[in-house]
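Each chain, written out:
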Amino acid sequence: MTVTEVGRARLRKEDAHLITGRSRYTDNITLPGMLHLAMVRSPFAHAKITSIDASAAKSSPGVVAVLTGADVAAQQGSLPNAWPITPDQKAPAHPAIAVDAVAFAGEVVACIIARSAAAARDAVELVDVSYEELPVVLDLEEALKDEVLAHPDLGTNKSATWVFDSGEAGTGKPIAEALDGAEVLIERTFYQQRLIPAFMEPRSTVVDPTGEQITVWSATQIPHILRLMLALTLGIPESKVRVIAPDVGGGFGGKLQVTPEEAITVLAARHTGKPCKYTETRSESLMAAHHGRAQVQKVKLSATKEGIVTGLDVHLLADMGAYLGLVTSGVPILGAFMYNSIYKFPAYRFECTNLFTNKAWTDAYRGAGRPEATFAIERLMDELAVELGVDPLAVREKNWIKHEEFPFTTVAGLEYDSGNYEAATAKALELFGYDELRAEQARRRESNDPVQLGIGISTFTEMCGLAPSRVLGALSYAAGGWEHAQVRVLPTGNIEVVTGSSAHGQGHETAWSQLVADRLGVPFENVEVLHGDTQISQRGLDTYGSRSLTVGGMAVLAAADKVIEKAKIVAAHMMEASEEDIEFADGKFSVKGTDQSTALGEIAFAAFSGHNLPDGFEPNLDSDATYDPQNFSFPHGTHLAAMEVDTETGRVTIRKYVCVDDVGVVVNPLIVEGQVHGGLAQGIAQALYEEAVHDDAGTLVTGSFVDYLVPSAPDLPHFTTARTETPSTTNQLGAKGVGEAGTIASTPAIVNGVLDAVRHLGVKDIKMPCSPSRVWAALEEAKMTGGVQ
Amino acid sequence: MIPSAFDYSAPATVAEALGALADAGDDVKLLAGGQSLIPVMKLRLADPAMVVDLGRIGELSGVRDDGDALLIGAMTTHHQIANDPLIAEHVPLLAKAAATVADPQVRHRGTFGGALVHADPAGDMPAPVLAADATFILAGPNGERRVAAADFFRGYFTTAVDDGEILTHIRVPKYTGWGAHYEKFTRVAQQWSIVAVAAMVRVEGGTIAEARIGLTNMASTPVRAAAVEQALVGAPLTREAIATASAHAAEGTDPASDLNGDAAYRRHLAEVLTKRAVIAAAGL
Ligand SMILES: Cc1cc2nc3c(=O)[nH]c(=O)nc-3n(C[C@H](O)[C@H](O)[C@H](O)COP(=O)(O)OP(=O)(O)OC[C@H]3O[C@@H](n4cnc5c(N)ncnc54)[C@H](O)[C@@H]3O)c2cc1C
């Protein structure tokens, strides 16, 4: 079979309609008689609701009904947390509309249902809610003390404590052996600030209750999971719910959720019997869509004087916010397996305490757990190099897993199937001009240049392709990690591919078409990819965790292979040959050693007409496949950042950014490039720009894009991107996943670079985001405390 | 993001607009480019019962030569200010500042007059106008009155424009031959100024003969860096002399503290940015 599509930088099929505005987002959907919702949200971060008077709102022009928590208490259930990380995990009930109390500012306390969006919005102000304010707990160290409780009824702020210990797991030595009497011990505390996913399309839901099934359109990453969870939460038979994810404008984990607003829109539609729509404003999105990161990492790394790491001890405080969302509690656990990264440690211990605070709840955000882990270890490797006075790359090289050592079982118990850190690093160094930049750095230091130069390194790996179902089961996640696909050869020979992956900007329609075009030997244009509707794609586990290609794509290939097997039977019958003699290549079935052949399309038509099929052959050329991966995949790479720090203003500029990613076999280099660029932007945003800030009362201060600084194109440098290609040995294609790589790798590269530029001036650490004022303050403080170390 | 309901009128002349204002009473807002007013209405931080749109009044738009000054219509957009040949020749400072405002969309809608009346302490147009000693021409029920720039900015989002008045024109003296620069400091490309410095200098044979410096976001109103201006007059055209003079930049300022930096950081920035602005303005 000639390979023509896989590896080709095709423009995306999806783009023409997206960029010419012919897209169909949820908010574009208008149904006859549709009603509009607006939410009344709590201005307080923690309060008892003493009374709600909605009479004025109810008589406001255009208002059809007002729903309060009390009105729907019997139907609304509690929103799901699918990842109870320990058997004794504590979680407050999570009503879609607050009933007695609110636990963060922005929580919904009532919902207006009106004939127009404007009428609904006008009535929001007319709902009179009386609150009795309660003390708030906002800070993790404070939460740990259990003095002020985010949920007094729970009796504690601690949701769960989860431990991994290599000594106990049998994957390594006990950590005490490494830390006691270590030749070198590096001890640090790192702060992962709170971030807001800030997808471009705000969340939006339309619910039509008028058909046999309740149809839910939603700006979601997870139509299948949403269907199941809405059914379970609201007590509706799953078979009576259809979920459609139309065009979805980004998610980054932020739409991997079963939201209060989705549940409320269903409740409102059932209450009124009319289609209902809710679209959040950007302010609501920033305030009440789930946030990400928000951890304190207390880490200890032990090493020999030669720079061989002997152990790593991680104590994490993780901010759940006010509730447990779909996978809130599991996010830090996803990081637990990644702190050892690409390195060989003999001992590792990880302990995480999940804590409640009176802020919006956190949950998955691009990378989910792995960026935090990568940041900590890559910062520590730099600190170790400084401590030992050696090149930070040399320390890494001393400790990383050598190419010839794969497959390698890590101290965290994962089996890395493949990797070549040497190759990626060598390529990155070459593109970067490492030695020249080090020389320039020395010159600038020497001459006391107001603009100092630093070099930041991040050699990373991640686990993605979520996930082997058994592993998820062992981690007490409620669902599996397989993916489903269908391939249908239509009577005309055109192909329909149905995928359980749910693209929301990734370009699956293009990539899956490329996969199938190659496998079935048909033109790219003849393949149609269908997804995002539970009535069309009946089974699926959706899109997150860089899983689509390595899991969903493999299901597509498996289904295509089944079609080929089925077609061979018909081909043998048509050409009066034995099945063993049928060969398939370039879309044609031929009889070995003859010039007889039949095209796939002809076979499809024969299978469709059923006029002349072998006995017992089921008509049509369709197949289903479900693929459950046997392992995660482990993309890796080396990222190098040259950072300029203006010591007069504290401003940080990225002078040069080189990344060499190894994502295995690439289906579409253009899509990979796009994912890398977007990922870098979000990782750099954490390092330099973004932070969700609350005041002492728990109100979000960064409540608009004026204050929550999402960088745009002019703020980012030209990225030099390149790849090495070490195929994954876990899946037949050799692909690894690229959705999160840039985000995971870039944050520590940037911060390491900033610190490398100013460390000689006495600066030891700078909290993220490294804003000009923080960098300047760090420089000033270093001056006061005596300058150079 | 839906504003409260409001009535709307779009008069064709200043006189009609004044009439509309008078008829509407207290609860009325003038609409220029809408780049500040519409967002606050959408957030329901403002909910005027009546909006009077100045967009159809042709006489309020454009730049004219007025002898020793330029007469700039209040409805002239930031884009026009940034690209107007008369401004480029006689008050390039305005063009340079306008070019740093937001993004092209906002610059094509947002207006010079709107930005000045809005008087955001972090807005970029007030400081250059103050540095240039412009005169504001206001039309009101009792006719026209003129207000000097030094008296125009009264406080946080507050100016000398009274209820019922319209800013029609801004008269900016010519600074032909002066060097000018607007040094704006932000964290991301499209952002309000954390601090910015508007500088104009006239250089005569190796020394600075005259200097005018306005500071953005160093108080609730734009302020003149008078101490720097004085220190610069007669100073030699060297980086060292400029740096020494710029050390006075924060004198008499009262900057706010916010997420982008505290007052101490802003004072420090004012010095650094003044130095840079003057060096650039002087063409060093
Ligand atoms: C995304 C974005 C980014 C921005 N970034 C910047 C920036 O970096 N720097 C910056 O300086 N500005 C920035 N702005 C604001 C922009 O400059 C606005 O144009 C300006 O603040 C207001 O001008 P306007 O014409 O839009 O006025 P409007 O919003 O229409 O009006 C503003 C106020 O002035 C009053 N008003 C307007 N014209 C008159 C008049 N002739 N007489 C009396 N009263 C009047 C109005 O009643 C209203 O109260 C930004 C705006 C946006 C939306």
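Quick caveat: nothing in here was measured; it's all calculated off a predicted structure.

Student: Please give an account of the domain arrangement of chain A that cites residues and values.
Tutor: Residues and elements named next belong to chain A. Along its sequence, chain A is organised into domain 1 (417-463 + 632-784) and domain 2 (482-627). Each of domain 1 and domain 2 has a C-alpha centre, and these two points are 41 Å apart. Residue-level contacts link 15 residues of domain 1 with 16 residues of domain 2. Summed over both partners, the interface of domain 1 with domain 2 comes to about 1100 Å²; 58% of that surface belongs to carbon and sulfur atoms. Summed over the three residues of domain 1 that lose the most area to domain 2, namely Val667, Ile671 and Gln732, the buried surface amounts to 41% of that side. Counting the contacts that link domain 1 with domain 2 gives zero salt bridges. Residues belonging to the side of domain 1 that touches domain 2 are distributed by class as follows: five nonpolar, eight polar and two charged.

Student: Can you lay out the interface of chain B and chain A for me, pointing to particular residues and giving the numbers?
Tutor: On the chain A side, the residues contacting the 23 residues of chain B number 28 residues. With both sides pooled, the region where chain B packs onto chain A buries about 2100 Å², and carbon together with sulfur makes up 57% of that total. For chain B, the biggest contributors to the area lost against chain A are Arg44(B), Arg187(B) and Leu259(B); these three give 31% of the whole. Inspection of the region where chain B meets chain A yields five salt bridges. With seven residues, the single largest contributor to the side of chain B that touches chain A is helix α12 (residues 263-281) of chain B. Of the residues contributing to the side of chain B that touches chain A, the split by class is 12 nonpolar, seven polar and four charged.

Student: Lay out unusual backbone geometry with the relevant residues and their values.
Tutor: Residues and elements named next belong to chain A. Here Leu466 and Ala467 are connected by a cis peptide whose omega angle stands at -10°. Residue position: Ala467 is located in the loop between β18 (451-461) and α16 (469-474). Omega for the peptide link from Met768 to Pro769 comes to -10°, which places this bond in the cis form. Within the secondary structure layout, Pro769 lies in the loop between α21 (741-758) and α22 (772-784). In this structure, Asp146 is a non-glycine residue whose phi angle is positive, near 60°. Looking at where Asp146 falls in the secondary structure, it is placed in the loop between α5 (140-145) and β7 (158-165). Relative accessible area serves as the criterion here: at 23%, Asp146 is assigned to the partly exposed category. A positive phi angle is found at Phe252, which is not glycine, with a value near 55°. Of note, Phe252 is situated in the loop between β11 (241-244) and α9 (260-272).

Reading guide: rules and limits
In this convention, every chain numbers its residues from 1, walking through the sequence in written order. As a convention, the first chain written is A and the first ligand written is 1, with the rest following in written order. The predicted nature of this model means local features are confined to residues of pLDDT at least 70 and side-chain atom pairs, given and counted, to a pLDDT of 80 or more, with totals for whole chains, interfaces and linings taken over all residues. No hydrogens and no water enter the side-chain calculation; it runs on all heavy atoms of the structure. How far each domain reaches was decided by an automatic or database domain assignment. Contact criterion: two residues are considered in contact whenever any of their non-hydrogen atoms come within 4.5 Å of each other. Defined in terms of a 1.4 Å probe, buried area is the accessible area two parts forfeit on being brought together, summed over both. Any carboxyl oxygen of Asp or Glu that lies within 4 Å of a side-chain nitrogen of Lys or Arg is treated as forming a salt bridge with it. Asp, Glu, Lys and Arg are counted as charged, while Ala, Val, Leu, Ile, Met, Phe, Trp, Tyr, Cys and Pro are counted as nonpolar; the rest, among them Gly, fall into the polar class. Each helix corresponds to a stretch of at least 4 residues labelled H or I by DSSP, and each strand to a stretch of at least 2 residues labelled E; elements are numbered beginning at the N terminus. Burial status follows relative accessibility: with a 1.4 Å probe on protein chains alone, a residue under 20% of its type maximum counts as buried, one over 50% as exposed, and anything between as partly exposed.

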